[in-house]
Structure formats: C-alpha cells, structure tokens
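Examining the three-dimensional arrangement
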Amino acid sequence: MENTTLQVKGMSCGHCVKAIEGSVGELNGVETVKVDLGAGAVSITFNPELVTVEKIKETIDDQGYDVE
C-alpha cells in the first residue's frame, strides 16, 4: 500500500467531504480516504497495482474540485 496527500481547492463543507470520500473510496484499490477541510488536503491509502494517483486526481476533479 502507498499513501499520498493531495492539495484540493474548493472544499468548504461536509457535503464536500462526503462527495470526495464517497467517490474516491469507491475506486478499486483505495483503502482509506481522509479529507482535512482546514488544510485543504485529502489523504489516501491505496494499492498502486490497482489504481493510479492520476485516476484518483481525475475522480476528485470530476466532483468539481481543483487538485494541485
């Protein structure tokens, strides 16, 4: 398993947390997703053999948030 933390702009409330944790959490290979609204960060534990960081970023972007 690998860990990564992405800086995400546009998150401001509980709905944002649920949208990101729900969509990223459904990806095959993602073990955990933790959103930190205060820091504007999303921490993900994932299996790189099953899902890429690019796919995770794309999924967050599809929810309407900007990944740096």
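Note: the structure precedes this text.
Conventions used here
Each chain has its residues counted from 1, running along the sequence as written. Selection of residues for local features in this predicted model requires a pLDDT of at least 70, selection of side-chain atom pairs for listing and counting requires 80 or more, and totals for whole chains, interfaces and linings are taken over all residues. Remark: hydrogens and water are excluded; side-chain values derive from all non-hydrogen atoms of the structure. For the exposure calls, accessible area comes from a 1.4 Å probe over protein chains only, and a residue counts as buried if that area is under 20% of its type's maximum, exposed if over 50%, partly exposed in between. For the purposes of this entry, the term helix denotes a DSSP run of H or I that reaches at least four residues, the term strand denotes a run of E that reaches at least two, and both are numbered from the N terminus. Strands pair, by our definition, only if DSSP identifies at least two bridges between them. Residue contacts follow a heavy-atom distance rule, with two residues in contact if any of their heavy atoms lie within 4.5 Å. Here an axis means a line fitted to C-alpha atoms, over the contact stretch when the element is a helix, while the angle between two N-to-C directions is reported on a 0 to 180 degree scale. Our angle categories are set so that under 35 degrees counts as roughly parallel, over 145 as roughly antiparallel, 65 to 115 as roughly perpendicular, and the remainder as oblique. For any pair of crossing helices, the crossing counts as left-handed if the nearer helix is rotated counterclockwise from the farther one by less than a right angle, and right-handed if it is rotated clockwise. Any residue outside Ala, Val, Leu, Ile, Met, Phe, Trp, Tyr, Cys, Pro, Asp, Glu, Lys and Arg is labelled polar, Gly included; the first ten of those are nonpolar and the last four are charged. The definition of a nonpolar core used throughout is a set of buried Ala, Val, Leu, Ile, Met, Phe, Trp, Tyr and Cys residues joined through side-chain atoms within 4.5 Å.

1. Comments concerning the pairing of strand S3 (residues 41-46)
When you tally the buried positions in S3, you get 5 out of 6 residues, the bulk of the element. Sheet analysis places strand S1 (residues 2-9) next to S3, joined by 6 bridges and oriented antiparallel. Looking across to S3, one finds that Glu2 is bridged to Phe46. As paired strands, strand S2 (residues 30-36) and S3 are joined by 6 bridges and run antiparallel to one another. Paired with Val35 across the bridge in S3 is Val42. Here S2 folds back onto S3 in antiparallel fashion, the turn holding 4 residues, of which Gly40 has a positive phi close to 65 degrees.

2. Thoughts on the environment of Ile56
Its location among the elements puts Ile56 in helix H2 (residues 53-62). Taking C-alpha positions, Ile56 is 10 Å from Gly29, a pair spaced 27 residues apart along the chain. Not counting the four nearest positions on each side in its chain, Ile56 is found in contact with Leu6, Val24, Leu27, Val30, Ile44, Phe46 and Val51.

3. With respect to the packing of helix H1 (residues 14-25) against H2
Interhelical geometry of H1 versus H2 gives an angle of 140 degrees and a closest axis separation of 9 Å. Relative to H2, the element H1 is oriented oblique. Crossing hand, H1 versus H2: right-handed. On the side of H1, the interface is formed by Ile20, Ser23 and Val24, while H2 contributes Ile56, Thr59 and Ile60. Looking at side-chain class alone, the contact of H1 with H2 contains 4 nonpolar, 2 polar and no charged residues.

4. Quick look at the nonpolar core
Side chains of nonpolar character tend, in soluble globular proteins, to be buried together. Core analysis: the biggest nonpolar cluster contains 19 residues, and Ile20, Val24, Val30, Ile44 and Ile56 have the highest contact counts within it. Elements that contribute at least two residues to this core include exactly S1, H1, S2, S3 and H2. No other element matches the 5 residues that H1 contributes to this core.

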